[in-house]
Amino acid sequence: MKIAFLSAECAPFAKVGGLADVVAALPPALQKIGVSPALFLRLHSAITPQSLDAKKVAAFSVPFAGTKEIVTVYKTALPHSRLAVYFLSNQKYFDKNPIYDDDLKKYVFYSLAALEAMKKLQFKPDVIHLHDHQTGLVPRIVKTHYGADEFFAKTKTVFTIHNVDYQGRTNPRIINLLDHTIKTLPDIVNDLKDGDINFMVQGILSADAITTVSPRYAREILKPAFGFGIDNILRKRRRDLYGILNGIDTASYNPKTDKQIAHRYSLATLRRKEVNKFALQKKVGLPQASDVALVGFVARLVYQKGIELIDENLLKLNCQFVILGTGEARYESYVKKLAQAYPDKFAAEVMFDSALARQIYAASDIFLVPSRYEPCGLTQMIAMRYGSVPLVRATGGLADTVRERRKPNGFLFKDFSAQALHKMLQRALHLYYKKPNKWRKLQGNGMKEDFSWKKSAKEYVKIYEKVLKKP
């Protein structure tokens, strides 16, 4: 079974968020169970063929926007794997552009160029697996532009929603860049009635199957509170909508072997985790104290993540906080002000630093994820690998991975409020200080969880097999 992956980002080549980690991890996991995946990615300003150790394997032209654009294809391998990665180079639309911006024209061109690359390379996919709205027009293009093309006659499409809030709404004139017949399709006509075209809506309506990144999130987005205005569209495809929990790279995120933390440890040597706490406290300027609970937070500082629930009332509790992330100016300013007001209690590192993130996982006793909504969440899974007990809001993938019953591994609060968070953190701190044996049990249960990609890869194979049976 051949699977072509299309995505705006993929670690380590291009990374902004968790999507990059998913696209880097799922294909190798599929390869290990007998699937033949390949990645088709854009070359952009942060990457050169020389840095990739890539070789040129094809060049062709793509008619687009009234001219013929030259696309050069470079082949390399995903690091530490045998997985083929094809980078598409085009000076106008790819090479000088950032990973993300508001100009969706480049993603239309990417869609066309990727499909043409598959033909030129004779990589005939059984399934094209598409990720987020940037690739949402591909199913339409396959069925219209390539509708009479024998090469894609049996190809099916799977569209994965990583975050339904980011939908790719743009001027309807962008449709003029595609085969003229696409404008007459009922779903396109209906979409255009509100004055724009929605890439995610088109992906949902036209793909053979839709997946999202946790079972609970797949149910949540069918409701107005989580559907961000397209829950009615999602309900139309609910029979073809599946929730598959993301995994993490358990080989990389392993406190026993992680070279980026101050001191390595395992479940059997959990007391050595304290060394990491001392090192981090010193690094971020907090008082060094092994007997004070350290609460970690690693995330983008955006509306979704609920950073404003960490208020001054919470800082009165007997613990320290370390915050790492960048994002919206209002949230960056908010955490900086807390750090200035409470220098002995609160440290804010407003930056992107993957090594520091690992050090926070290894040093923290409690890991905080107070999100308004969370499609899957990877940080709570990574934290558990490092013996940091997650305290999360009961939404999306957070509720699918954190349990308070049946081998409990963390804490959940339901209401999105500072009061609810305060109450749950108070409860967690009571257990931490007063019942150390129960706390160790929570840590152990979390460290024993299997969040590898192996199980998720098998679930995706079931989806691929299901869509291939469709007429």
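Residues numbered from 1 in each chain as written. Predicted model: local features only at pLDDT ≥ 70, side-chain atom pairs only at ≥ 80, totals over all residues. Heavy atoms only, no water.

Brief notes about the sheet that holds strand 13 (residues 319-324)
Thinking step 1. Across the sheet, six strands lie side by side as 14-13-12-15-16-17; this open sheet has parallel pairing. Each edge of the open sheet is held by one strand with a lone partner, namely strand 14 (346-349) and strand 17 (411-413). Strand-to-strand twist across the sheet, computed as the mean angle between neighbouring axes with direction ignored, equals 20 degrees.
Thinking step 2. Alignment of strand 12 (residues 293-298) against strand 15 (residues 366-369), held across two bridges, turns out to be parallel. The partner of glycine 296 across the bridge, within strand 15, is phenylalanine 367.
Thinking step 3. In this fold helix 16 (residues 418-434) packs onto strand 12, strand 13, strand 15, strand 16 (389-393) and strand 17, with an angle of close to 160 degrees to the strand it touches most, strand 17. (Pairing = 2+ DSSP bridges. Helix = DSSP H or I, 4+ residues; strand = E, 2+ residues; numbered from the N terminus. Axes fitted to C-alpha atoms, helices over the stretch in contact; angles between N-to-C directions. Contact = heavy atoms within 4.5 Å.)

Here we look at unusual backbone geometry
Glycine aside, the phi torsion of most residues is negative, and most peptide linkages are trans.
Thinking step 1. Omega for the bond connecting alanine 11 with proline 12 falls within 30 degrees of zero, at 0 degrees, which places this linkage in the cis form.
Thinking step 2. The residue proline 12 is located in the loop between strand 1 (2-6) and helix 1 (18-32) in this model.
Thinking step 3. The residue alanine 65 is not glycine, and still its phi comes out positive at about 50 degrees.
Thinking step 4. Topologically, alanine 65 is positioned in the loop between strand 3 (55-64) and strand 4 (67-77).
Thinking step 5. Positioned with a positive phi, glutamine 122 is a non-glycine residue whose angle comes to about 55 degrees.
Thinking step 6. Within the secondary structure, glutamine 122 is located in the loop between helix 4 (105-120) and strand 6 (127-131).

Digging into the pattern of salt bridges
Thinking step 1. Within the structure shown, the criterion is met by 17 salt bridges.
Thinking step 2. Of the charged contacts, one joins lysine 106 and aspartate 101 as a salt bridge, the two residues approaching to 3.2 Å between their closest N and O atoms.
Thinking step 3. Here lysine 106 falls in the buried class, since its relative accessible area comes to 1%.
Thinking step 4. The partly exposed category is assigned to aspartate 101, whose relative accessible area is 30%.
Thinking step 5. Of the charged contacts, one joins aspartate 196 and arginine 169 as a salt bridge, the two residues approaching to 3.9 Å between their closest N and O atoms. One end of the pair, aspartate 196, is in the loop between helix 6 (186-192) and strand 9 (197-198); the other, arginine 169, is in strand 8 (residues 169-170), with 27 residues separating them in the sequence. (Salt bridge = Lys/Arg side-chain N within 4 Å of Asp/Glu carboxyl O. Buried < 20%, exposed > 50% of the residue type's maximum accessible area, 1.4 Å probe, protein only.)

Side note on the packing of aromatic side chains
Thinking step 1. Counted under the stated rule, the structure contains 18 aromatic pairs.
Thinking step 2. On the basis of an interplanar angle of 85 degrees and a centroid distance of 5.3 Å, the ring pair of phenylalanine 64 and tyrosine 93 is categorised as edge-to-face. One end of the pair, phenylalanine 64, is in strand 3; the other, tyrosine 93, is in helix 3 (residues 91-95), and 29 residues separate them in sequence.
Thinking step 3. Taking the relative accessible area as the measure of exposure, phenylalanine 64 reaches 2% and is therefore buried.
Thinking step 4. Between phenylalanine 94 and phenylalanine 109, the aromatic rings sit 5.4 Å apart at their centres with planes inclined by 40 degrees, giving tilted as the arrangement. Residue phenylalanine 94 is found in helix 3, and its partner phenylalanine 109 is found in helix 4; the two are separated by 15 residues along the sequence. Each of the two residues, phenylalanine 94 as well as phenylalanine 109, counts as buried. (Phe/Tyr/Trp six-rings, centres within 6.5 Å; stacked < 30°, edge-to-face > 60°.)

Focus: the pairing of strand 16
As a general feature of sheets, a regular strand has side chains that alternate between the two faces.
Thinking step 1. Along strand 16, five of the five residues are buried, which leaves the element largely enclosed by surrounding structure.
Thinking step 2. Note on the crossover from strand 15 through helix 14 (residues 379-385) to strand 16: the handedness is right-handed.
Thinking step 3. Where strand 16 meets strand 17, three bridges bridge the pair, whose relative direction is parallel. In the sheet register, arginine 393 faces strand 17, and the bridge partner there is phenylalanine 413.
Thinking step 4. Handedness of the crossover joining strand 16 and strand 17 through helix 15 (residues 396-401): right-handed. (Right-handed = clockwise from strand over helix to strand, strands pointing away.)

Some points on empty space enclosed by the protein
Thinking step 1. Throughout the structure, instances matching the rule amount to one cavity of 30 Å³ or more.
Thinking step 2. Roughly 50 Å³ of internal volume is contained in the largest cavity.
Thinking step 3. Lining the largest cavity are Ser7, Ala8, Glu9, Cys10, Phe13, Ala14, Leu41, Arg42, His44, Ile47 and Phe87.
Thinking step 4. Broken down by class, the residue content of the lining of the largest cavity amounts to seven nonpolar, two polar and two charged. (1 Å grid on protein atoms, 1.4 Å probe; cavity = no way out; pocket = protein on both sides within 12 Å on 5 of 7 lines; lining within 4 Å. Points joined across faces, edges and corners; volume = space filled by probe spheres on them. Nonpolar A, V, L, I, M, F, W, Y, C, P; charged D, E, K, R; others polar.)

A short note on the packing of helix 1 against helix 18 (residues 453-468)
Thinking step 1. In contact at an axis separation of 9 Å, helix 1 and helix 18 are set at 75 degrees when each is read in the N-to-C sense. Comparing their axes, helix 18 and helix 1 come out roughly perpendicular. Of the residues in helix 18, those in contact with Val22, Ala25, Leu26, Ala29 and Leu30 of helix 1 are Trp453, Ala457, Tyr460, Val461 and Tyr464.
Thinking step 2. Along the lines of polarity and charge, the residues of the contact of helix 1 with helix 18 split into 10 nonpolar, no polar and no charged. (Parallel < 35°, antiparallel > 145°, perpendicular 65-115°, else oblique.)

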